[in-house]
Amino acid sequence: MHSNSSTSIQHGSCLCGAVKYQVCDLLPNVGHCHCKMCRKFHGAAFSTFGEVASQNFSWLSGETNLQKYVAHNGSVRQFCRRCGSSLTFQASDSHGSVVEFSLGTLDSHSGVKGDAHIFTESKADWFDIHDDLPQYKTHRDGEKLND
Ligand SMILES: [Zn+2]
Ligand SMILES: [Zn+2]
């Protein structure tokens, strides 16, 4: 088993508490995404999404409060319509096999650490990266900018 993973069941919720979910078996990919859409979606310097296989993600309550935003590139983001919490991201090419969820909405320790910075080509100029994680210009399988 990869060291950057967690097998126990984790619970998460939105800011107002209406939407609750559970995940288990977090995958090792925990990217800090600096793309413009993630910055807008989170209202922050970058997003951090945890990843689980889709069968390891389930909504526990408040699904009627979920609002979907489908971006021009086909990616789907869900948020709580009551409080605006960013909750999930699904890439247009994911075929539904993996769910990415906003790690900041977990109510328990995640058991994982961020493992890369991605889409640093669109990083906010008011934020500097002060860690040694790999930095990728776009996707993590693309051009790497540091050693
Ligand atoms: Zn909410
Ligand atoms: Zn992004």
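Report follows, based on the coordinates. Every value quoted in this text rests on a predicted model; they were computed, and no experiment measured them.

Describing the pairing of strand 9 (residues 98-102)
So, point 1. The buried count for strand 9 comes to 4 of 5 residues, which makes it a mostly enclosed element.
So, point 2. Relative to strand 9, strand 4 (residues 47-53) runs antiparallel, the two being bridged by 5 bridges. Counterpart to E51 in the pairing with strand 9 is E100.
So, point 3. For strand 8 (residues 86-90) and strand 9, the ladder comprises 2 bridges, and the chain directions are antiparallel. Bridge assignment links F89 to a residue of strand 9, and that residue is E100.

Regarding the sheet that holds strand 2 (residues 20-23)
So, point 1. Pairing within the open sheet is antiparallel, and its 3 strands lie in the order 1-2-5. Only two strands of the sheet have a single partner each, and these edge strands are strand 1 (10-13) and strand 5 (57-61). Taken pair by pair, the neighbouring strands of this sheet meet at an average axis angle of 30°, ignoring direction.
So, point 2. Across 4 bridges, strand 1 lies against strand 2 in antiparallel orientation. Across the sheet, the residue bridging to Q10 is V23, located in strand 2.

Re the environment of G17
So, point 1. One can find G17 in the loop between strand 1 and strand 2.
So, point 2. The partly exposed category is assigned to G17, around which 14 C-beta atoms lie within 10 Å.
So, point 3. As a C-alpha pair, G17 and D115 span 98 residues in sequence and 28 Å in three-dimensional space.

Re unusual backbone geometry
So, point 1. Positive phi, close to 55°, is recorded for D25, a residue that is not glycine.
So, point 2. Structurally, the position occupied by D25 is in the loop between strand 2 and strand 3 (31-33).
So, point 3. Despite not being glycine, F119 has its phi angle at roughly 55°, a positive value.

A word on the nonpolar core
So, point 1. In terms of nonpolar packing, the biggest core is built from 23 residues, with V23, C33, F57, L87 and F101 touching the most fellow members.
So, point 2. The set of elements that each furnish at least two residues to this core consists of strand 2, helix 1 (36-42), strand 4, strand 7 (76-80), strand 8 and strand 9.
So, point 3. In contact with V23, other than residues within four places in its own chain, are Q10, G12, G50, V52, N56, F57 and F101.

A few points about the sheet that holds strand 3
Sheets are built from strands that pair by backbone hydrogen bonding, the pairs being arranged parallel or antiparallel.
So, point 1. Overall, mixed pairing links the 7 strands, which are arranged 6-7-8-9-4-3-10 in an open sheet. Both edges of this open sheet fall to strand 6 (66-70) and strand 10 (116-118), since each of them pairs with a single strand only. Adjacent strand axes in the sheet meet at a mean angle of 30° when their direction is disregarded.

Concerning the environment of F49
So, point 1. As for its position among the elements, F49 is in strand 4.
So, point 2. For F49, a count of 21 C-beta atoms within 10 Å translates into the label buried.
So, point 3. For the pair F49 and L66, spaced 17 residues apart in sequence, the C-alpha to C-alpha distance is 18 Å.

Parameters at a glance
Residues numbered from 1 in each chain as written. Chains lettered and ligands numbered in written order. Predicted model: local features only at pLDDT ≥ 70, side-chain atom pairs only at ≥ 80, totals over all residues. Buried ≥ 20, exposed ≤ 12 C-beta atoms within 10 Å, placed from the backbone. Helix = DSSP H or I, 4+ residues; strand = E, 2+ residues; numbered from the N terminus. Pairing = 2+ DSSP bridges. Axes fitted to C-alpha atoms, helices over the stretch in contact; angles between N-to-C directions. Core = buried A, V, L, I, M, F, W, Y, C linked by C-beta atoms within 7 Å. Contact = placed C-beta atoms within 7 Å.

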